[in-house]
Amino acid sequence: MRNAALLLTPMLLLCLPVLMTAAEPVKISVCDGMTRVPREGAPPTAQTLQLHAARGEWEPLQMVLTGTPEQLKSIGVLPTGIARTGSEDLLPTPVVFPEHYVRVSKSTPMAPLPVGDYPDALLPLDMPSQELTGTGMVNVPFWVDVFVPYTAKAGDYHGEVRFKLADGTTLA
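Residues numbered from 1 in each chain as written. Predicted model: local features only at pLDDT ≥ 70, side-chain atom pairs only at ≥ 80, totals over all residues. Heavy atoms only, no water.

1. Points about the side chain of Gln62
Within the secondary structure layout, Gln62 lies in strand β2 (residues 58–67). You can call Gln62 buried: its relative accessible area is 1%. When residues no more than four places from it in sequence are discounted, the contact partners of Gln62 are Ser29, Val30, Cys31, Asp32, Gly33, Met34, Thr35, Val37, Glu99, Pro141, Phe142 and Trp143. (Helix = DSSP H or I, 4+ residues; strand = E, 2+ residues; numbered from the N terminus. Buried < 20%, exposed > 50% of the residue type's maximum accessible area, 1.4 Å probe, protein only. Contact = heavy atoms within 4.5 Å.)

2. Remarks on the pairing of β2
For β2, the buried fraction is high: seven of the 10 residues fall into the buried class. Pairing between strand β1 (residues 27–32) and β2: six bridges, direction antiparallel. The partner of Lys27 across the bridge, within β2, is Thr66. Examined bridge by bridge, β2 and strand β8 (residues 138–147) share 10 bridges and lie antiparallel to one another. Bridge pairing in β8 places Met63 opposite Phe142. (Pairing = 2+ DSSP bridges.)

3. Regarding the pattern of salt bridges
Applying the stated criterion to the full structure yields six salt bridges. In this structure, Glu24 and Lys27 form a salt bridge, with 3.7 Å as the shortest nitrogen-oxygen distance. The exposure class of Glu24 is partly exposed, given its relative accessible area of 30%. Residue class for Lys27 comes out partly exposed when judged on its relative accessible area of 47%. With its nearest N and O atoms 2.6 Å apart, the salt bridge here joins Arg162 to Glu160. Look at Arg162 and you get partly exposed, because its relative accessible area is 36%. It is possible to trace a salt-bridge network through shared partners that takes in Arg84, Asp89 and Lys153. (Salt bridge = Lys/Arg side-chain N within 4 Å of Asp/Glu carboxyl O.)

Given below as structure tokens:
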């Protein structure tokens, strides 16, 4: 009986890091449109991003939610208008797309990146998202397109995209 208790202790210790990871809050970060966001691994570290665009341009950025699959199983997206500082002028509401991961099982000969999952397709918000599995931390990126109309006045504009999680938490 003493041996059974000793075997149980290491099993509990192995489960402890998983339980501690699940308790971490969902984090949000941002990056430019050219950054490849891994499904697992370190997310971008920036909390804000400054875009530069001319009239008539679309400018992309990515917003990344990082949490456990359970925390990220249902995400609502609420983009707001982008307002010019000190003015009533607004840019159109940004267009937001969830990024769909594609499995690359064989890299091209000169590719600098290894085999793995890479974000590629941009899906409509009303399309079901990919199922997230496991218990570790994962990244769920969203592609955000900001349009600057030809009639926009020059200046600094500020806006945000809010995310509503299944537990009712809202992140911005």
